[in-house]
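Residue-level structural notes
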Amino acid sequence: MAADWEAVIGLETHVQLGTESKIFTAASTAFGDDPNTHIDPVVCGLPGTLPVLNKKVLEYAVKAALALNLEIAEHSKFDRKQYFYPDLPKNYQISQFDEPIAENGWIEVEVAEKGKDTYLKRIGIERLHMEEDAGKLVHAGSDRLAGSTHSLVDYNRAGVALAEIVSKPDLRTGREAAEYASEIRRIMRYLGVSDGNMQEGSLRCDVNISVRRGPDAPFGTKVEIKNMNSFSAIQKACEHEIQRQIKAYETGEPVVQETRLWDEGKQLTKSMRSKEGSSDYRYFPEPDLGPIEVKADQRQAWLNELPELPAAKRHRYADALGLSQYDARVLTDERLMAEYFEAVVASGADAKLAANWITGDIAAYVNSQRLSFSELPFRPEQLAEMVQLIDGGKISGKIAKEILPELLEKGGSPKAIVDERGLGMISDPAAITAIVDELLAAHPDEVEAFRGGKNKLQGFFVGQLMKKTGGKADPKLANQILSQKLKG
Amino acid sequence: MPIGAWSDALRNGSATAKEHSEQALERIAATEPELKAFVNVTGDQARAQAEAVDQAIAAKQDPGPLAGVTIGIKDNLCTKGVTTTCSSRMLENFVPPYESTVTERLWKAGAVMVGKTNLDEFAMGSSTETSAFGMTSNPWDPGRVPGGSSGGSAACVAAGQCDVALGSDTGGSIRQPASFCGVVGLKPTYGRVSRWGLVAFASSLDQIGPFSRTVADSAAVLQVIAGHDPRDSTSLDVPVPDYSAALNRPIQGLKIGILQEAFVEGLQPEVEASVRAAAEQLASLGCELVDVSCPRFQAGIATYYVIAPSEASANLARYDGVKYGYRAADAESLSAMTAKSRAEGFGDEVQRRILIGTYALSAGYVDAYYKKAQQVRTLIRQEFDRAFEQVDLLLTPTAPTTAFTPGEHSNDPLAMYLADLLTIPANLAGLPAISVPCGFDGQGLPIGLQLMAPVLQEERLLQVAHHYEQAADVMANRPEAPLVA
């Protein structure tokens, strides 16, 4: 990007709230079933039906809002947003317009990019509101409306509860946008209010993006981008669009207000529809639902139920436990992983050592087996025991790695295994000296070469020693004794 | 026969629900060709329900408080498995897969449905002239309208086709036809009766209520249909009092407010005379008459004709030919299918109101129309609150005139809208109100007296209306009308 250009990016994130039933009726929210199997008269907007707010949706929305540092409105309301489209059974969407449940918050994101310094940035959040999702159209004979022979509509998703989270235009790069979206997802998953599954559409991001010449210049024309279904797609779409807009300005091409779609295959954005003027949704208060009230004591009770959130954990891991920013970030990515780590530390293990094991071999195993940390047979106190065996010089790291696969699969006490199989470290100087003597006697040529100046041969003797002891020799002590003996 | 006497006869074996329902169906067969009160007569359902009542009696089980009572149901109330058309081409073949709360409660109470009654299309009108299936006649003069929108329900009760009926009232759609047809019509407090299953016209104004030939019968029906319903977020969670027990409480000393702004210019002189005489009758029964002013009362109609169409424009958006209801043939595109289906499926008045409402909610107009109307609505409500600090009830005519003739207002929607001038304010304020017959004009057409009460004071309404009805005995001197029971 030319040095003086700056991008201004805001995100609208739709999070499906993971309630079992829909926002205004008891129909199931299950994903992936046959079309129109999770519908009822309310979902279909049959005449004479009425919406009733699912109380769990309100709870989830308020908890999400509290976690995003938003101010909760004591009184808010639902409105009807009107537009005709067949995926919208009533041809209006019950949403919140001018009195959303929550406004004016922020989150802190940690922006880490390869080859650049990691930095923290506070991103403002304009508002969070509740609304119902629409169904979806299936076009036959074409993947879109144009060219299709006929269209079918599936209302399974219609009426699923959404929280729409609108950021302030505080984001400046594609990476920041991706980190912001990823932090929103992480927070929602910590809260347990959404699975944040982007492939299934339970987290959807629309990006608003413009560029200007420096931070004091007026905003450029805003372009909306849709259809990104991963964080890296968000980043790439932003980066592509920023370049496209800059190039347009620099070559005198117009940048028009429009909606563009991210084409993952071609890695570019393309125009979907122009957005001249804003659509008139003819909002008005939903007369079928009363005011939404969140009393102070209820708000406080929900606040008390919030878990420690990822940003707080990241800070604590770095400040109180002395972990690197990187480790803190990896460990807190998933709540269950963080909780596993914390349980290991609580059982007495060194935090840094525990972090290495968890983010390394254990995470790899959990991912490859598609497990969650809560399902892992190797329990935190057992890992703590293993870490303490290593830390206390009872076993070597090599031995730990050897017994780990079995522990991961079945769990069990590392100490018991070590004792039973005699895997404990040889740290008796006399025993090691005896083995070293034997070795030197068996390799007189190498000893001579070493003494003749081939220092590298120390590695050969270490290898031989470890082979002979089955990796159990205390490496520090072994090196020490070897050095002594080799010098003669 | 009043419900009380009928109930005794049924229980002591001197009558059966079967005979009673057959009589109703015979009366319908005899009068319906001229009256056309029903969109659909449900003889089979009536016979089955009557049979169940007789079996319960035979088995010495409680058949319910409305056992064997024949009832007509306005055809904008969903009845499971029975077409619910809203008198519109759009829903001509719509069969709801669920039952409205009110009818569910009626069937549980033993009531017997004889049919679905005619209405102005989607309850938009004051004469049943906008029904896609033809107008209902006024039983007192088949050359006149029965009022509306619940004209079929008012007419079927007046004509003795059934004992009672249900209607819905958004701006007077129960009370005005009750007035035109010489029956009792009650619009309860907003939220007193569940709207689940009522096809919405204007959700913040719609309320379901009974038609009957006596005040006591309306009390008996309200008793069954009133009460909280978790399926309707706007239904009030407050206990339901014993309405029948309230009827005979003394009314001495109650203050009745004569609402000055209701006695407007253009009021038919016989209507004014009859209503003022009714007030004097109440005074003679011991009530105190007080002149009361609500200066914004007449602003109700302008307010209503912004709010109601605005809500209707959204409520009726769902009829797009996609999921159910009328779908136009041969549309070239998706939007053409929706546009064509709506143009062909809705009548003129419905389209007119959708256009008004869409306009009133559009960017650039919403502040001047919809929001302004909401503010006036609040002021009207506050004026009623102040009035009820002075008086227990307010008294007005129900309608400015007696029943008019078909076509009289059809080229002048505004004149038609004025038919609701006096009934609309109660809807805007959510108040309960009742229309009771209080006399006849020179052409033998009934006149209605409207009483309005503070929120949830249906007991007081029924109590005063009952005392008036007993003392005035208006029907004792009624004119000859072959279609009237």
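As the structure is a prediction and not an experimental result, all values here were calculated from the model. (Residues numbered from 1 in each chain as written. Chains lettered and ligands numbered in written order. Predicted model: local features only at pLDDT ≥ 70, side-chain atom pairs only at ≥ 80, totals over all residues. Heavy atoms only, no water.)

Re the UniProt feature "active site" in chain B
Residue and element names in this part refer to chain B. Following the UniProt record, one finds the feature "active site" at Lys74, Ser149 and Ser173. The largest pairwise C-alpha distance within this set of annotated residues, which runs over 100 residues, is 10.9 Å, so the set is compact in three dimensions. Structurally, the position occupied by Ser149 is in the loop between β3 (112-117) and α5 (151-158). Residue Ser149 is classed as buried on the basis of its relative accessible area, which comes to 0%. Excluding residues that lie within four positions of it along the chain, Ser149 makes contacts with Lys74, Asn118, Leu119, Asp120, Ala123, Met124, Gly125, Ser126, Thr128, Ser168 and Ser173. A polar atom in the side chain of Ser149 sits 2.7 Å from the side chain of Lys74. (UniProt positions renumbered as here; feature names shortened; annotations may be inferred. Helix = DSSP H or I, 4+ residues; strand = E, 2+ residues; numbered from the N terminus. Buried < 20%, exposed > 50% of the residue type's maximum accessible area, 1.4 Å probe, protein only. Contact = heavy atoms within 4.5 Å. Polar contact = N/O pair within 3.5 Å; in protein donor to acceptor, adjacent residues only side chain to side chain.)

Some words on helix α14 (residues 457-469) of chain A
All names here are of chain A. In this model α14 runs 19 Å from its N-terminal to its C-terminal C-alpha over 13 residues, within 8% of the 18 Å that 1.5 Å per residue would give. Every buried residue belonging to α14 is among Leu457, Gln458, Phe461, Leu465, Met466 and Thr469, and all of these are buried. Buried residues along α14 sit against α12 (429-442), α13 (444-451) and α15 (475-487). Once α14 ends, the next one or two residues include Gly470, with phi positive near 65°. (Expected span 1.5 Å × (residues − 1).)

Here's the deal with the sheet that holds strand β2 (residues 70-74) of chain B
Residue and element names in this part refer to chain B. As summarised here, the arrangement of the 11 strands in space is β1-β3-β2-β4-β6-β5-β10-β11-β9-β7-β8, forming an open sheet in which the pairing is mixed. Single-partner strands in this sheet number two, and they are β1 (38-41) and β8 (288-292). Across the sheet, the mean angle separating the axes of adjacent strands is 30° when strand polarity is ignored. In this sheet, strand β11 (residues 446-452) lies alongside strand β9 (residues 393-397) in antiparallel orientation, the contact comprising four bridges. From the neighbouring strand, Leu395 faces β11, where its bridge partner is Leu451. (Pairing = 2+ DSSP bridges. Axes fitted to C-alpha atoms, helices over the stretch in contact; angles between N-to-C directions.)

Some words on the packing of helix α2 (residues 174-191) of chain A against helix α3 (residues 231-250) of chain A
Residue and element names in this part refer to chain A. Where α2 meets α3, the closest approach of the two axes is 7 Å, and the angle between their N-to-C directions is 155°. Taken together, the axis directions place α2 and α3 in an arrangement best described as roughly antiparallel. Here the hand of the crossing between α2 and α3 comes out right-handed. Side by side, α2 and α3 meet where Gly174, Arg175, Ala177, Ala178, Ala181, Ser182 and Arg185 of the first sit next to Phe231, Ile234, Gln235, Cys238 and Glu239 of the second. Split by residue class, the contact of α2 with α3 holds six nonpolar, three polar and three charged. (Parallel < 35°, antiparallel > 145°, perpendicular 65-115°, else oblique. Left-handed = near helix turned anticlockwise from the far one by under 90°. Nonpolar A, V, L, I, M, F, W, Y, C, P; charged D, E, K, R; others polar.)

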